[in-house]
Amino acid sequence: MQGLELKLKERLQKLLDDGTVDCVIGWTKGEFIYDVTPAIFTKESGLDGFVYNSFCGANLSKYLVSQITSDKKFAVILKPCDTYSMNQLITEHRVNRENIYIIGVGCSGHIDIDKVKAQGVSGITNVIDNDNNIIINSIYGDSKIEKASVLLSKCQSCKGSELKISDEIIGEGIKTPTCDERFDGVKKLEAMTAEERFAFWKSELSKCIRCNACRNICPACTCRTCVFDNARSNVAAKANATEFEEKMFHIIRAFHVAGRCTDCGECSRVCPQSIPLHLLNRKFIKDINEFYGDYQAGEESNQRNPLVNFTESDIEATVISDKEGK
Amino acid sequence: MQEVKDFKPTIVAFCCNWCSYAGADLAGSSRLSYPADVKIIRVPCSGRVNPMFILKAFERGADGVIICGCHPGDCHYSTGNYYTRRRLALLYSMLDYMGIERGRTRVEWVSAAEGVKFSTVMNKFVEDIRALGECVKLGDIRCKD
Amino acid sequence: MLKIGVFVCWCGSNIAATVDVKQVVEAVKLQQGVVFATDYQYMCSEAGQLIMRNAIEEYKLDGVVICSCSPRMHEATFRKNAERAGLNPFMVEIANIREHCSWIHKDVEEGTIKAIALANAAIAKVKLNAPLISGESGVTKRALVIGGGIAGIQTALDIAEAGFQVDIVEKSPTIGGNMAKLDKTFPTLDCSACILTPKMVDAAANPNIELLTYSEVEKVSGFVGNFKATIRKKARYINTDLCTGCGDCMSKCPSKKGKNEFNCGLNNRPAIYIPFAQAIPNVAVIDPVQCIKITKDKCGLCQTVCSAKAIDYKQQDEIIEREYGAIVAATGYKPIKLDKFDEYGYSQSKDVITSLELERLMNAAGPTGGKLVKPSDGSHPHTITFIQCVGSRDISGRGKCYCSKICCMYTAKHAMLIRDKYPDVNVNVFYIDVRTPGKNYDEFYRRAVEEYNVNYIKGQVGKVYESDGHLVLQASDLLNNEQILVNSDMVVLATAIEADESAKKVASMLTASIDTNNFLTEAHAKLRPVESPTAGIFLSGVCQGPKDIPETVSQASACAAKVIGLLSKAKLVTNPCVAHSDELLCNGCSNCANVCPYGAIGYETKLINDHGIRENRRVAVVNPALCQGCGACTVACPSGAMDLFGFSNSQIMAEVEAICKK
């Protein structure tokens, strides 16, 4: 991870200089090392403040959606998991592939600063990522932590180190050691009784403050106007007035991205209330896999979303209503 | 608590114009009764039923929602009900996952010739909903009495 | 504020007996926007329609709700009436308080409450209706008839007679169908070939008819007035322009193992053959499975003997595309397979045959030259027994639940013909019922019994087996209430007929509905019996249900009349209840186009003015001429950009809300 920032910066500068691209979508430094923000760099602004470190976990592909009508060329830094979203956006004509230069970066997992802090570390001045462990410098001294224990939740079910689409690759990646099986969380819920599940979601979703962060970060939620913002849709609302609206918003959001969600995990990552929203999306993914065969959105571009597809021998819709048990 | 037999559920049935709505017409002209709790909304195809309509119905106090369409392979629009089948299998699975009683949602294929089936399906569905009682897990409290 | 009028129909006592119509009127008056409400005995009557028109004019109504029978019954009537009063026809909504309410409920209070709820839902919907204007589309003045049996031929002849072009696509090498195989026809006993072959010749000679034999329709797209069909002309390996039909090739062909389809497989034919003497077109065809030249590149004898130089072993299938305004399904029937009816011994004894096989055995052009002999040894039979309803009216699930309709009559015909030609032959007929409705039909049957002494036995046969060189039928005689054994030299099975195996594929290509027996469904069983529910698709002959020849021909002509009516129109009015996309909301994601069965959605890059921001965006564009209004796209669209006129998101939501209001 250490040399990557330098290599990237050098290469990006070259791409800007030789006119291959007009802009770069990357990250800019904040006050602390873990305080990084996605940013657009141009030829004029240069790469001042550019940063790439273990905290650059966000999926940058969505930032290209708003640039679809731009005539500028963009370089974008994508991790292996982000490339699934890129493929999906290409499939749905939400980005202009011709204007995008994809720099795929090797990845060994990104760090959740809250998990680091939770281990009792404070006054952090620097973090050195050695792929398997991390060294934390703080005003109180240095400490060494197992990297796996502070990975972002989404990295704990890493899709692998393969870049599904890129124009050039910088750095080598490793598949992060997965701590969870992808559907463990869903299975745990499925094993509960209906009453328990209801109670679980009631307590989780009642935390929702309808800040729309999940929707705004989601690379599948790219509607120009969301139905929940469209007064004519009959479901628009600025806040959850009732328990039902909490559910309605999240069910419909998950349903709208079903078959398109690449399981990038950004929704749960950004939720300020720590609602495990990925458990909704993963339920759809698990059902799609079980009902219609394994499907990974964004595996390649121009796949057919299983919700706009069918076979004559599909499982009957009564599969759920007729199910026995809890 | 109301007695179950006095409970008058609100049941919304979305019926496709070509098969199920005609099947309901046939049930009518054959005088095959089913409870008045069932109210039918005509849609051109079961594939026209947006999951939002279903959730909206529950929000507004429905106790059960049933979608009826042509049998797979017989869709007037060739393929509409195949998409319905996928969408609703997934949506209903999600509602189940959120702890909503499975019996409150249903999909049935009823052809224009199946007046008897239409009546049987509705009788059964109403019976199931009556057994489940009022839907308290969904529904907007503002829409209640 | 929209002004809505509500009209509650009594339908005599059909509605009024279980719904308190007065109470419905009072209830709907409380709904916002309802400025007028009334009830009337028969809203669909001219007097009822006048009440509606007067109210529209007097109260300047913007929308109308009729609480009456199913919209499938009278929606068109009331829409037309609104138009007469100057109201856009699509501002009318129907609350179905008859089929969905009064007819199924007995309790007046319950029925009334439900009727009010349904009326309120319709009121909520109509408030969101928008005036819609129907578009227009052209009509291709050419019809396609799929199937070249008597039904297809008759329909084509009638259409051609009216001056329109018709193509008959027939999958076998000749037109004529099953009727060409028949010997005599009931109830007049005239020879089938004598009445059919002139029609076949007429079809071939008519300048408006093009015969595409040995061809199959592979794909159909488009819509009423504007269909496009892809047709595969299978390779005949014969240049049909050169072939004179002399038959020299047939006599020289060394491969004679092909089953003669025309004779129901009772004898063999060469690999190169003309199906029968009067085949149209009267040209040869090579069976590529049997031909030694094609399978093994040996022989080539036919090419040597063909003086017309018509043989072309290299011929390939040809794909043609044609445009049509109307399509007629005339796919006909075939007898069912008897493998599930082993008790009749069809597979065990050669002397157990089907009725269609008997037709060939009695036909002068058949395998025996018309001499009735036992197929097993060629000897003269002394007793022949017919078994009716083999696979018809079958509730065991092995056969067909319906009555095949033609068997009673043709069995009487067979019995009579045999007794007439061979008075020494005893004829028995086992039957469940003898059904003879039809002009001169019962008289015909009675002649068989009274004049020709055919022995009719009411009862079913349980088993047919061979014993001492003849067949034994174990049966019950219901009238004498006894179990009997009947010896017979031959047994003829009145085999049920079923829709041809091509019917299902044709129906799905045409998006025409089909019933559980693979018979094509009519738009209305009584009032529109020759039309499919899919506009522009018509039904001719047995593909719609079992029929005899007179009925088939009448239906074929009725079907032609409907086609002519359609093709005579300069323009067609299109359904305005089509999908449309809101360009400002459209993401251009293609989900909608993926689910559209009609290819009605395309994408364009358009300059969009989004609240002052002008940019080129990829947006969905619906072709209203292709869109059939199913609405699948509206649900595939995540942003809600795609909506459907007449069944919009907000209209359906409004209905949901009205119904769920407690």
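Residues numbered from 1 in each chain as written. Chains lettered and ligands numbered in written order. Predicted model: local features only at pLDDT ≥ 70, side-chain atom pairs only at ≥ 80, totals over all residues.

Quick notes on the overall build of chain C
In terms of regular secondary structure, chain C is built from 19 helices and 34 strands. For chain C, the proportion of its 662 residues judged to be buried stands at 52%. For chain C, restricting intrachain contacts to residue pairs at least 6 apart in sequence, the fraction spanning at least 24 positions comes to 70%. (Helix = DSSP H or I, 4+ residues; strand = E, 2+ residues; numbered from the N terminus. Buried ≥ 20, exposed ≤ 12 C-beta atoms within 10 Å, placed from the backbone. Contact = placed C-beta atoms within 7 Å.)

Some points on the overall build of chain A
From N to C terminus, chain A includes 10 helices and 9 strands. Seen through its C-alpha atoms, chain A measures out along the principal axes to roughly 60 × 50 × 35 Å. A fraction of 67% describes how many contacts in chain A between residues 6 or more apart in sequence connect residues 24 or more apart.

Comments concerning the interface of chain C and chain A
Across the boundary between the two partners, chain C contributes 19 residues, which contact 17 residues of chain A. When residues of the side of chain C that touches chain A are assigned to their parent elements, the largest contribution, 4 residues, is made by strand β33 (residues 613–622) of chain C.

With respect to the packing of helix α6 (residues 108–126) of chain C against helix α19 (residues 649–660) of chain C
Residues and elements named next belong to chain C. Between α6 and α19, the shortest axis-to-axis distance is 8 Å and the interhelical angle comes to 150°. Judged on the interaxial angle alone, α19 and α6 are roughly antiparallel. Note on packing geometry: the crossing formed by α6 with α19 is right-handed. Across the interface between the two elements, Ala 117, Asn 120, Ala 121, Ala 124 and Lys 125 of α6 pack against Gln 651, Ala 654, Glu 655, Glu 657, Ala 658 and Ile 659 of α19. Considering only residue class, the contact of α6 with α19 consists of 6 nonpolar, 2 polar and 3 charged. (Axes fitted to C-alpha atoms, helices over the stretch in contact; angles between N-to-C directions. Parallel < 35°, antiparallel > 145°, perpendicular 65-115°, else oblique. Left-handed = near helix turned anticlockwise from the far one by under 90°. Nonpolar A, V, L, I, M, F, W, Y, C, P; charged D, E, K, R; others polar.)

Points about the interface of chain B and chain C
Counting residues at the interface gives 41 residues for chain B, matched by 39 residues for chain C. Mapped by element, the contributors of at least two residues to the side of chain B that touches chain C are α1 (20–29), β2 (38–43), α2 (51–59) and α3 (80–97) of chain B. The element best represented in the side of chain B that touches chain C is α1 of chain B, accounting for 6 residues. Here the side of chain B that touches chain C is built from residues that sort into 20 nonpolar, 11 polar and 10 charged.

With respect to the pairing of strand β7 (residues 165–169) of chain C
Residue and element names in this part refer to chain C. The buried count for β7 comes to 4 of 5 residues, which makes it a mostly enclosed element. Here strand β6 (residues 142–146) pairs with β7 via 5 bridges, running parallel. If you follow Ile 146 over to β7, its bridge partner there is Val 169. You can see the chain leave β6, run along helix α7 (residues 150–161) and come back into β7, and the turn it takes is right-handed. Pairing of β7 with strand β10 (residues 209–212) involves 4 bridges; the strand directions are parallel. The residue of β10 that forms the bridge with Asp 167 is Glu 210. (Pairing = 2+ DSSP bridges. Right-handed = clockwise from strand over helix to strand, strands pointing away.)

Here's the deal with the domain arrangement of chain C
Many descriptions give the size of an interface as the accessible area lost when the pieces come together. Assigned domains within chain C: domain 1 (4–126), domain 2 (142–234 + 317–332 + 522–567), domain 3 (248–305), domain 4 (335–498) and domain 5 (579–645). The gap between the C-alpha centroids of domain 1 of chain C and domain 5 of chain C is 35 Å. (Domains from an automatic or database assignment.)

Quick notes on the sheet that holds strand β7 (residues 133–138) of chain A
Paired through their backbone hydrogen bonds, the strands of a sheet run either parallel or antiparallel. Residues and elements named next belong to chain A. If you trace the 3 strands from one edge of the open sheet to the other, you get β6-β7-β8, paired in antiparallel fashion. The two strands at the open ends of the sheet, each matched to only one other strand, are β6 (124–129) and β8 (141–146). Sheet twist, expressed as the mean angle between neighbouring strand axes with direction ignored, is 20°. As paired strands, β6 and β7 are joined by 5 bridges and run antiparallel to one another. Within the sheet, the bridge partner assigned to Asp 129 lies in β7 and is Ile 134.

Some details on the confidence of the model for chain C
Within chain C, residue pLDDT values average 94, and 100% of them lie at 70 or more. The ipTM, which scores confidence in the relative placement of chains, is 0.95 for this predicted complex, and the corresponding pTM is 0.73. (pLDDT = per-residue confidence, 0-100.)

So, the domain arrangement of chain A
Residue and element names in this part refer to chain A. Domain parsing of chain A yields domain 1 (4–110 + 157–170) and domain 2 (184–321). If you average the C-alpha positions of domain 1 and of domain 2, the two centres end up 26 Å apart. With 16 residues of domain 1 in contact, the opposing surface of domain 2 contributes 16 residues. Among the residues forming the side of domain 1 that touches domain 2, the class breakdown is 5 nonpolar, 7 polar and 4 charged.

Let's talk about the environment of Asn 440 of chain C
With respect to the helices, strands and loops of the structure, Asn 440 of chain C is situated in the loop between β22 (426–431) and α14 (441–450). Residues Asn 440 of chain C and Arg 98 of chain C, spaced 342 residues apart in sequence, show a C-alpha to C-alpha distance of 42 Å.

A look at α2 of chain B
Where burial is concerned, most of α2 of chain B is hidden: 9 out of the 9 residues are buried. Restricting attention to buried positions, one finds in α2 of chain B the residues Pro 51, Met 52, Phe 53, Ile 54, Leu 55, Lys 56, Ala 57, Phe 58 and Glu 59 of chain B. For α2 of chain B, the secondary structure elements touched by its buried residues are α7 (243–257) of chain A, β1 (11–16), β3 (64–69), α3 and β4 (105–109) of chain B together with α19 of chain C. After α2 of chain B finishes, the residue Gly 61 of chain B shows a positive phi value of roughly 105°.

Side note on the nonpolar core
Within soluble globular proteins, side chains that are nonpolar generally end up buried alongside one another. In terms of nonpolar packing, the biggest core is built from 177 residues, with Val 12 of chain B together with Val 6, Val 24, Val 64, Val 65, Cys 67 and Ala 119 of chain C touching the most fellow members. Residues contacting Val 64 of chain C, with those up to four places away along its chain left out, are Gly 5, Phe 7, Met 52, Ile 56, Ala 82, Leu 87, Met 91 and Val 92 of chain C. In terms of nonpolar packing, the next biggest core, distinct from the first, is built from 132 residues, Ile 231, Cys 253, Val 285 and Phe 538 of chain C among them. (Core = buried A, V, L, I, M, F, W, Y, C linked by C-beta atoms within 7 Å.)

Comments concerning the packing of α7 of chain A against α2 of chain B
As a packed pair, α7 of chain A and α2 of chain B sit with axes 11 Å apart at the nearest point and diverge in direction by 170°. When the interaxial angle is binned, α7 of chain A and α2 of chain B end up roughly antiparallel. Residue-level contacts link Phe 244, Met 248, Ile 251, Ile 252 and Phe 255 of chain A of α7 of chain A to Pro 51, Met 52, Leu 55 and Glu 59 of chain B of α2 of chain B. Across the contact of α7 of chain A with α2 of chain B, the residue classes break down as 8 nonpolar, no polar and 1 charged.

Some details on the environment of Gly 177 of chain C
When you line up the elements, Gly 177 of chain C lands in the loop between β7 and β8 (184–185). Spatially, the C-alpha atom of Gly 177 of chain C lies 4.0 Å from that of Gly 149 of chain C, the residues being 28 residues apart in sequence.

Quick word on the sheet that holds β7 of chain C
Residues and elements named next belong to chain C. Pairing in this open sheet of 5 strands is parallel, and the strands run β10-β7-β6-β18-β29 from one edge to the other. Looking along the sheet, the strands with just one partner apiece sit at the ends: β10 and β29 (537–539). The mean inter-strand angle of the sheet, taken between neighbouring strand axes irrespective of direction, is 20°. Most of the contacts of α7 go to β7, to which it runs at about 165°, and overall it touches β6, β7, β10 and β18 (326–329).

What about α1 of chain B?
Within α1 of chain B, 9 of the 10 residues are buried, leaving the element largely enclosed by the surrounding structure. When we look at burial in α1 of chain B, the residues that qualify are Ser 20, Tyr 21, Ala 22, Gly 23, Ala 24, Asp 25, Leu 26, Ala 27 and Gly 28 of chain B. For α1 of chain B, the elements touching its buried residues are β1, β2, β3 and α4 (115–132) of chain B together with α4 (71–84) and α5 (98–102) of chain C. At the C-terminal side of α1 of chain B, Arg 31 of chain B shows a positive phi close to 55°.

Re unusual backbone geometry
If a residue is not glycine, its phi is most likely negative; likewise, a peptide bond is most likely trans. A cis amide bond links Phe 186 of chain C to the next residue, Pro 187 of chain C, at an omega of -5°. Relative to the helices and strands, Pro 187 of chain C is located in the loop between β8 and β9 (190–191). Of the consecutive residues Ile 280 of chain C and Pro 281 of chain C, the connecting peptide bond is found in the cis state with omega at -5°. Within the element layout of this structure, Pro 281 of chain C appears in the loop between β15 (272–273) and β16 (285–286). If you check the backbone angles, Asp 131 of chain A has positive phi at about 70° while not being a glycine. Following the sequence through the fold, Asp 131 of chain A ends up in the loop between β6 and β7.

Side note on the environment of Val 169 of chain C
Residue and element names in this part refer to chain C. Within the fold, Val 169 resides in strand β7. The buried category is assigned to Val 169, around which 26 C-beta atoms lie within 10 Å. Beyond its immediate sequence surroundings of up to four residues, Val 169 is in contact with Leu 144, Ile 146, Leu 212, Ser 215, Glu 216, Val 217 and Ile 231.

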